[in-house]
Amino acid sequence: HALHSPLMAVTNAISGTTALGGMHLLAHSNSASVSALGALATTLSTVNIVGGFIVTKKMLDMFKRPDDPPEYYHLYGIPAAGTFAFYGAGSMSGHVPEIDSAAATLSGLLCIGGIGGLSSQSTARLGAASGQAGVALGVASTIGHLHPDLATTAKIAGLMGVGGIAGKYIGDRVEPTSLPQTVAAFHSLVGIAASAAAVGDYANAPVASELDKVHLASIYLATIIGSVTCTGSLVAFGKLDGRLGSAPMAHPARDQINMGLGAATLGAGAVVMGGPEAGTGLVALGGALGTSSLLGWHMTASIGGADMPVVITVLNSYSGWALCAEGFMLDMPILTTVGALIGCSGAALTKIMCDAMNRDIVSVLLGGYGTKSSGKGEAMTFEGEVTQTNVDETCRLLMESESVIIVPGYGLAVAKGQYPLKEMVDALKAAGKKVRFGIHPVAGRMPGQLNVLLAEAGVPYDIVEELEEINDDFDETDVALVIGANDTVNSAAEDDPNSEIAGMPVLRVWKANQVIVMKRSLAAGYAGVDNPVFLKDNTDMLLGDAKDTCEKLAAGVKALS
């Protein structure tokens with residue numbers, strides 16, 4: 001799960017090939033409004049491309065270590081430059097009629113390699129380089145295929161330049177703590193670009209009523225998937241960034257609203273598929289755009305903050321299917337292939353997230369509560385008193401132990417306490433202690449966020465283990481140190497069949513000899529479920545800001561070494 005965050009960033013960047021749809025509109029536009037939609041799609045997509053690849057590189061660089069062997073991935077620029085030169089020469093010569101299709105096919109293969117490369121640490125940087133080359137070649141082959149005039153070429157270059165500058169500005173300022181909301185914001189740009197390209201393509205048709213059914217279906221699907229992705233992503237961004245409350249919008253008529261909006265969207269689609277005149281078709285397409293936008297907003301607003309990791313992966317998948325529909329619309333196999341790959345990749349990540357939370361995807365998307373195992377009765381009430389400890393006692397306990405497992409959560413990310421935590425880990429390891437990290441698949445607000453956070457501080461990834469790797473080791477562990485985690489270490493998931501998190505796989509920290517829980521306060525976690533681990537006899541609470549407490553622990557452990 002360590003590379004899930006970089007994987008989502010690279011799929012984000014590659015889904016920015018929605019720019020190719022905008023370029024098509026700009027090259028074939030017959031009105032100012034169509035040109036404006038093409039410009040919007042091209043610019044926003046380029047923000048996604050550049051910003052996504054910069055974020056990917058930043059995250060992968062965090063996994064580098066000083067003693068790693070030197071890397072020469074920049075040398076892959078040589079064959080890439082050679083390929084561009086060969087393509088340019090062949091295209092301009094006019095003697096190789098299939099060279100545009102060949103370049104587009106190679107572009108698709110490179111994008112596939114880019115996503116596939118993110119499956120392991122050893123190939124991740126090669127994958128990022130492959131994805132960058134694939135997108136660049138896709139843009140070049142599209143220009144070669146379109147043969148736009150000089151003014152249009154300059155316009156495309158200018159728009160992509162503006163988008164690239166904006167993407168670099170955003171990408172350079174992204175920190176590990178803001179990764180989830182940044183990814184959500186990038187998803188919204190892909191959604192806008194896909195919808196803009198689809199509406200523009202329909203408006204640009206010489207005779208809209210003569211479009212074939214496949215073309216009409218792809219226009220309709222790209223429009224509604226793009227709009228759902230856009231508004232859903234904006235709501236997810238607001239929740240993750242703290243601009244909107246994390247609690248679900250529990251409207252009493254929630255399901256009826258969703259069904260009504262869904263029916264209206266399908267009804268408008270039926271009108272579009274009937275092949276009406278352009279005016280009627282645009283009204284119907286606009287209606288589908290509006291109702292699907294409201295549906296995306298309402299469905300995401302009805303989902304609680306604890307399910308945001310699943311929402312992020314679902315939106316990632318949606319962006320791929322929007323791209324896939326655009327490929328059918330423009331008859332561009334590269335978009336269809338890459339879009340389907342991104343869609344399936346997002347769906348696979350969604351399944352991993354749902355399994356990690358024991359949630360049903362339909363329940364999540366419809367704003368449901370509880371897990372697949374949750375009973376219908378009242379949740380258990382846990383009684384007892386919290387025992388608090390202090391920094392000095394915790395330092396003594398750590399130095400007297402032989403094995404320590406640290407379980408970080410989103411609280412560590414918010415406090416930016418990873419650097420002093422790394423100092424404390426180094427001091428413990430220097431004293432001969434066995435120290436490891438246990439990471440839950442949904443720790444943080446998106447897949448792999450805590451892995452990236454620890455990598456940023458220089459924590460060796462060979463001591464960072466996943467839930468299934470480390471969960472059986474707590475029985476033989478002296479101290480479990482929980483930092484800013486709550487729901488992912490909640491024993492109610494196993495002990496209370498009526499709990500909202502019943503059956504959710506959790507890290508069994510309570511099985512260690514001693515548990516120290518570092519939290520800012522005794523408040524419930526993101527899921528809003530009380531944690532009985534806090535009341536157990538072998539648990540002590542160490543309250544305070546995670547960064548300040550980690551700094552004090554690091555100093556205390558060093559003093560006792």
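Residues numbered from 1 in each chain as written. Predicted model: local features only at pLDDT ≥ 70, side-chain atom pairs only at ≥ 80, totals over all residues. Heavy atoms only, no water.

Description of a nonpolar patch on the surface
As a reminder, the rule being used: Every patch collects residues that have over 30% relative accessible area and no salt bridge, joining them within 9 Å if they carry like charges and within 5 Å if they are nonpolar side chains (Val, Leu, Ile, Met, Phe, Trp, Tyr). To measure how exposed things are, a 1.4 Å probe is used in the Shrake-Rupley method; for residues, cover is taken only from the protein chains shown. Throughout this description, the term salt bridge denotes a Lys or Arg side-chain nitrogen within 4 Å of a carboxyl oxygen of Asp or Glu. In this description a helix means any DSSP run of H or I spanning at least four residues, a strand means any run of E spanning at least two, and both kinds are numbered starting from the N terminus. Buried residues are those whose accessible area, probed at 1.4 Å on protein chains only, stays under 20% of the maximum for their type, while exposed residues exceed 50% and partly exposed ones sit between those limits.
A cluster of nonpolar side chains, contributed by Tyr72, Leu75 and Ile78, occupies part of the molecular surface with about 330 Å² of accessible area. Within the secondary structure, Leu75 sits in the loop between helix H3 (32-62) and helix H4 (77-93). What makes Leu75 partly exposed here is its relative accessible area of 42%.

Let's talk about the side chain of Ser195
Where we set the bar: A contact between two residues is defined here by any heavy atoms of the two lying within 4.5 Å.
Secondary-structure assignment places Ser195 in helix H8 (residues 179-203). Contact partners of Ser195, with chain neighbours within four places excluded, come to Ala222, Thr223, Gly226, Ser227 and Leu289.

Focus on the nonpolar core
Quick reminder of the rule: Among buried residues, those of type Ala, Val, Leu, Ile, Met, Phe, Trp, Tyr and Cys that are joined through side-chain atoms within 4.5 Å constitute a nonpolar core.
Ile14, Val407, Phe474, Val482, Leu507 and Val509 are the most contacted members of the largest nonpolar core, which has 100 residues in total. It is helix H12 (residues 308-330) that provides the largest number of residues to this core, a total of 10 residues. With residues near it in sequence (within four places) discarded, Val482 still touches Val407, Val489, Val509, Val515, Ile516, Val517 and Met518. Ranked by size, the runner-up nonpolar core spans 36 residues in total, among them Ile406, Leu412, Leu450 and Cys550.

Section: the pairing of strand S1 (residues 403-408)
When a strand is regular, its side chains alternate between the sheet's two faces. Operational definition: A pair of strands counts as paired when DSSP detects no fewer than two bridges linking them.
In terms of burial, S1 is largely enclosed, as 6 of its 6 residues are buried. Every second residue of S1 is oriented toward a common face, with Ser403, Ile405 and Val407 on one face and Val404, Ile406 and Pro408 on the other, all of them buried. Relative to strand S2 (residues 434-439), S1 is paired through 4 bridges, and the arrangement is parallel. Each bridged residue has a counterpart across the sheet, and for Ile406 the counterpart in S2 is Phe437. Here S1 runs beside strand S4 (residues 479-483); their pairing, made up of 5 bridges, is parallel. By the bridge assignment, Val407 is partnered in S4 with Val482.

What to know about the packing of aromatic side chains
Quick reminder of the rule: Between the rings of Phe, Tyr and Trp (Trp by its six-membered ring), a pair exists once the centres lie within 6.5 Å; its type follows the angle of the planes, with under 30 degrees stacked, over 60 edge-to-face, and the other angles tilted.
This structure, assessed with the given rule, holds 1 aromatic pair. Centroid distance Tyr73 to Tyr76: 6.1 Å. Interplanar angle 20°. Geometry classified as stacked.

Brief notes about the pattern of salt bridges
Summed over all chains, the structure comprises 15 salt bridges. Of the charged contacts, one joins Lys416 and Glu175 as a salt bridge, the two residues approaching to 3.0 Å between their closest N and O atoms. Note that Lys416 is positioned in the loop between helix H16 (410-415) and helix H17 (418-430) and Glu175 in the loop between helix H7 (150-172) and H8, a separation of 241 residues in sequence. Take Lys416: its relative accessible area is 40%, and that puts it in the partly exposed class. With relative accessibility at 37%, the residue Glu175 sits in the partly exposed group. The partner of Arg436 in a salt bridge is Glu465, with the nearest N and O atoms 3.5 Å apart.

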